[in-house]
Amino acid sequence: MKGKALLVLLMLAAVVVASGCIQETPTMDGNGDGGEDIETQQEAVFSDLDSDLIDESETIEIGELI
Amino acid sequence: MKRFMPLFAFAMLSLLVVPGVLAQDSEDAVPDDASNEARAMAAAPGATVRLLQLEEAIERNIVIGERIIDRIQESNESFDVSELESILDEMELLKQEVSEVDPEGNTEDVVRQFVDFRHDASELSRTFREIARTAFPAGELNRIRENVTGNVEQALSRIRERIRNAIREHNADRIRTCLQNMGASEEGLLNRIRNGQLNSSGIGEQIRNVFQDMSAEQKRDALTRMSRNATSNAVRIRSALDNAVEQFQERKTERIQERVERINASSARAQAYLQSRLERINQAGGRAL
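Described below are features of the structure shown in this document. (Residues numbered from 1 in each chain as written. Chains lettered and ligands numbered in written order. Predicted model: local features only at pLDDT ≥ 70, side-chain atom pairs only at ≥ 80, totals over all residues. Heavy atoms only, no water.)

For chain B, the count of helices and strands is twelve helices and zero strands. From first element to last, N terminus to C terminus, chain B shows the α and β order α-α-α-α-α-α-α-α-α-α-α-α. Each of the 289 residues in chain B was classed as buried or not, and the buried ones make up 44%. Within chain B, residue pairs in contact and separated by at least 24 positions form 76% of the contacts whose partners lie at least 6 positions apart. (Helix = DSSP H or I, 4+ residues; strand = E, 2+ residues; numbered from the N terminus. Buried < 20%, exposed > 50% of the residue type's maximum accessible area, 1.4 Å probe, protein only. Contact = heavy atoms within 4.5 Å.)

This part is about the pattern of salt bridges. All names here are of chain B. Taken as a whole and assessed by the stated rule, the structure comprises 29 salt bridges over all chains. Across the pair R259 and E90 runs a salt bridge, and its minimum N-O distance is 2.8 Å. Taken together, the residues span a long stretch of sequence, with R259 in helix α11 (residues 248–262) and E90 in helix α4 (residues 82–99) at a distance of 169 residues. A relative accessible area of 0% places R259 in the buried class. Between E97 and R259 there is a salt bridge, with its nearest N and O atoms 2.9 Å apart. Of the two residues, E97 sits in helix α4 while R259 sits in helix α11, which places them 162 residues apart along the sequence. Each member of the pair, E97 together with R259, is buried. A cluster of three or more residues bridged by salt bridges with shared partners is formed by E90, E97, E100, D116, D120, E123, R251, K252, R255, R259, R262 and R277. (Salt bridge = Lys/Arg side-chain N within 4 Å of Asp/Glu carboxyl O.)

This part is about the interface of chain B and chain A. Facing the 60 residues of chain B at the interface are 32 residues of chain A. Between chain B and chain A, a total of about 4,000 Å² is buried, with carbon and sulfur atoms accounting for 65% of that surface. The interface formed by chain B and chain A holds seven salt bridges in total. Notably, a salt bridge pairs D48 of chain A with R39 of chain B, separated by 3.2 Å at the nearest N-O pair. Taken together, the links from chain B to chain A amount to 17 residue pairs in polar contact (both at pLDDT 80 or more). Looking at the side of chain B that touches chain A, the elements that each hand over two or more residues are α1 (5–25), α3 (44–75), α5 (107–132), α6 (141–149), α7 (153–182), α9 (200–212) and α10 (216–245) of chain B. Considering every element that reaches the side of chain B that touches chain A, the biggest residue donor is α3 of chain B, with eleven residues. Counted by class, the side of chain B that touches chain A contains 33 nonpolar, 14 polar and 13 charged residues. (Buried area = accessible area lost by both parts, 1.4 Å probe. Polar contact = N/O pair within 3.5 Å; in protein donor to acceptor, adjacent residues only side chain to side chain. Nonpolar A, V, L, I, M, F, W, Y, C, P; charged D, E, K, R; others polar.)

This is the structure:
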């Protein structure tokens, strides 16, 4: 009985640890061509590119003097 | 069963405590603003933009600082403005130091200097603000702020023009790399960016259009190359920012010592101020960022 309780507790601990470690794997869109993968990657890459571009109105703020 | 409970409790506690301990380590990291700005510094055109923007921010505060000192002298003759003047003297030196950084130099060196000088600029501005605010009645600060910050554009027009051109060059450079990774050539698009015909959101839209016209296989290859390029840049900047944190305090002391030596002999006031600042930094020790 004690052994079973210990096993349950250890499994619970393993689930807690695993939930923090396992990353969600990308999914396909169902037609087998990995289309959703491309869309996800595309969004990440172009979003990164947007962040790299600098707008002409952008300035560096070092704090007011008064 | 009871024998295992302490072990189990320890394991659960570790899960809660370890992230907190790791988070504490990041307290000595470069501030978020500087980290975000440094993102663009993986290549020389982006480094040029950030250094010019920092120079502009310092120049702007020098112009405003001079106006504030004039206001104090007009309205509160007994107020000692010597420390404020010394801060502006140091800002002048700082501006010169920023302008002397070679944006085409080693990325780690350039990012480290940017982080150092940006920190100095913020610290000098904060010290000036703390002193200047005591010179005026609290109820008048908003009105004075509005008066002294107006019409600075003319004084900054030359550097603004340089920044505008540098931003266009940086954006064109970034898109040129992107197009190379796509296996595309769009000289017309690059020219429109350099001529200022597209803002950043317009550029993003155009490059997405180029991408949409590609085949699925070309898209996959392009995304792989673009991801690799982005990761490589991010790793280089992350490494440069991590290095910028190392020996920050020692570098700060050295910078101020160099300024003491560089300051014009006629400006004994600024020299005395820098010496007292150096003493305060040495006394403070510890954290600096």
